[in-house]
Amino acid sequence: TQVRLDGFLSPNSGGVSRGSFRLLQNKLKQKLGSAFAPCPVCGLQVSLRLMNDHLDSGGCAQSVSIGDKQATDLTQEESTEQTKGLDPPRQIPDVETMTKSNTEHETAEKPTEPPSALRALMEDAKKACTASDATQQHGALPGLFVVEDFITVEEETELMAFLDDPARCAREWRSSTFNGEHAGMKWGVVCDLKRRVVTNCPTNPMPIELRTLGEKIRATHRAVTDFHPNEANAICYRRRVGHHLNPHCDDRRLSSGILVNLSLLGDCLMSYTKDVSGTTDISKLKTVDVFLPRRSLQIQTGTVRYEYRHGIANENLRHDRRVSITFRESKTPTTKT
């Protein structure tokens, strides 16, 4: 098939007139600086006057075909020459493979830490577990819940090692006569019962061991899912020296409506009496005794938190030593108390 420009020159074929073609020639000449233009097929510079003869010759299309083939062959040869003597291309692993390999490498090099009951306690507290209300409240004391075996024997041992080591807990047992006779220590915010304010204590923060227990507490029961303790105190009772806890109700304004305490080392009976205004002789009031086994968690909410006093008589300590940790969420009241 011959390619011609006659269609552009003949008025009968819908093209432009020869005068217009001449005008086009002159414009191309002015633009290109010569009477030559690139062939639309092969790209060679051809005189505009001889363009039709060049296209009609047939050598134009053939030279393009041969030129393309030569260029293709040359490219293939150059590619072959460049790859001769080289190692085969290395396959790049995908991101997932690299990540898995790095993880395995790090795992192999990182020494495994010895298992710890306290560390297990911390990991257990961080597990995504759903708090339930499977633990039923006490039948005679609305708002009271007792969760037995809240911690394991190993966890109890680790916690006692922490509490009995001043270097670890940053505190030491000190004799106290506040609400009875016993030894105690505390962490977190300071509740000033006389001035009715709660202040932060940067030098005595809640240790990580107790904050971890707080996380586990929130996962224990629906009643405490929003409980975020910022104060804790530990009490050590010795039955043989007459230790006890006087009947009392924790401050109703400085502390929130939830009190939680953990029993360690020994069982006891905690006695609850209705807090009747103006009554000084509590022996005349009805008492409800609640058994608190070691490693159990007691939760006070609602009625039992605000309307009952709680205490432990010396004879109700079932073992010579009992330790408890009480958690509170405290803040300065917004109104004057």
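**Student:** Help me understand the overall build of the protein chain, please; the structure alone is not making it clear to me.
**Tutor:** Check the secondary structure of the protein chain and you find 10 helices and 15 strands. Taking all contacts inside the protein chain whose residues are at least 6 apart in sequence as the whole, residues at least 24 apart take part in 73%. Carbon and sulfur atoms make up 52% of the accessible area of the protein chain, which amounts to about 20700 Å² in all.

**Student:** Just checking my understanding: could you explain the pairing of strand E8 (residues 231-238) for this structure?
**Tutor:** Each regular strand shows side chains that alternate between the opposite faces of the sheet. The element E8 is largely enclosed, with a buried count of 7 among its 8 residues. Where strand E5 (residues 180-188) lies against E8, 6 bridges are found, and the strand directions are antiparallel. From the neighbouring strand, Lys186 faces E8, where its bridge partner is Asn233. Across 8 bridges, E8 lies against strand E15 (residues 321-328) in antiparallel orientation. Residue pairing for E15: Ala232 is matched across the bridge by Phe327.

**Student:** For this particular structure, what's the right way to read the pattern of salt bridges?
**Tutor:** Close approach of charged atoms allows side chains of opposite charge to pair. Tallying each qualifying case throughout the model produces 14 salt bridges. Within the structure, one salt-bridge network assembled from shared partners comprises Glu156, Arg294 and Arg295.

**Student:** Sorry, what's going on with the layout of surface pockets here?
**Tutor:** Rolled over the atoms, a probe as big as a water molecule pinpoints where empty space is left. Reported here for the largest pocket is a volume of approximately 770 Å³. Lining the largest pocket are 32 residues, with Phe178, Asn179, Asn233, Asp250 and Arg328 positioned closest to its centre. Residue assignment for the lining of the largest pocket shows that the elements contributing at least two residues are strand E4 (174-176), E5, E8, strand E9 (244-248), strand E10 (258-264), strand E14 (308-312) and E15. Counting residues per element, the lining of the largest pocket draws most heavily on E8, at 5 residues. Its residues placed into classes, the lining of the largest pocket shows 13 nonpolar, 12 polar and 7 charged.

**Student:** I keep staring at the side chain of Thr212 and nothing clicks. Help me out?
**Tutor:** Take Thr212: it is sitting in helix H9 (residues 208-218). By relative accessible area, Thr212 is classed as buried at 1%. In terms of polar contacts, Thr212 uses its side chain to reach the backbone carbonyl oxygen of Ile208, at 2.7 Å.

**Student:** What is the right way to read the pairing of strand E3 (residues 144-147) from this model?
**Tutor:** Of the two faces of E3, both are covered, the one formed by Leu144 and Val146 as well as the one formed by Phe145 and Val147. Inspection of the sheet shows E3 paired to strand E13 (residues 297-301) by 4 bridges, in the antiparallel sense. If you follow Phe145 over to E13, its bridge partner there is Ile299.

Rules used in this analysis
Residues numbered from 1 in each chain as written. Predicted model: local features only at pLDDT ≥ 70, side-chain atom pairs only at ≥ 80, totals over all residues. Heavy atoms only, no water. Helix = DSSP H or I, 4+ residues; strand = E, 2+ residues; numbered from the N terminus. Contact = heavy atoms within 4.5 Å. Areas by Shrake-Rupley, 256 points an atom, 1.4 Å probe, with all protein chains shown as cover. Buried < 20%, exposed > 50% of the residue type's maximum accessible area, 1.4 Å probe, protein only. Pairing = 2+ DSSP bridges. Salt bridge = Lys/Arg side-chain N within 4 Å of Asp/Glu carboxyl O. 1 Å grid on protein atoms, 1.4 Å probe; cavity = no way out; pocket = protein on both sides within 12 Å on 5 of 7 lines; lining within 4 Å. Points joined across faces, edges and corners; volume = space filled by probe spheres on them. Nonpolar A, V, L, I, M, F, W, Y, C, P; charged D, E, K, R; others polar. Polar contact = N/O pair within 3.5 Å; in protein donor to acceptor, adjacent residues only side chain to side chain.

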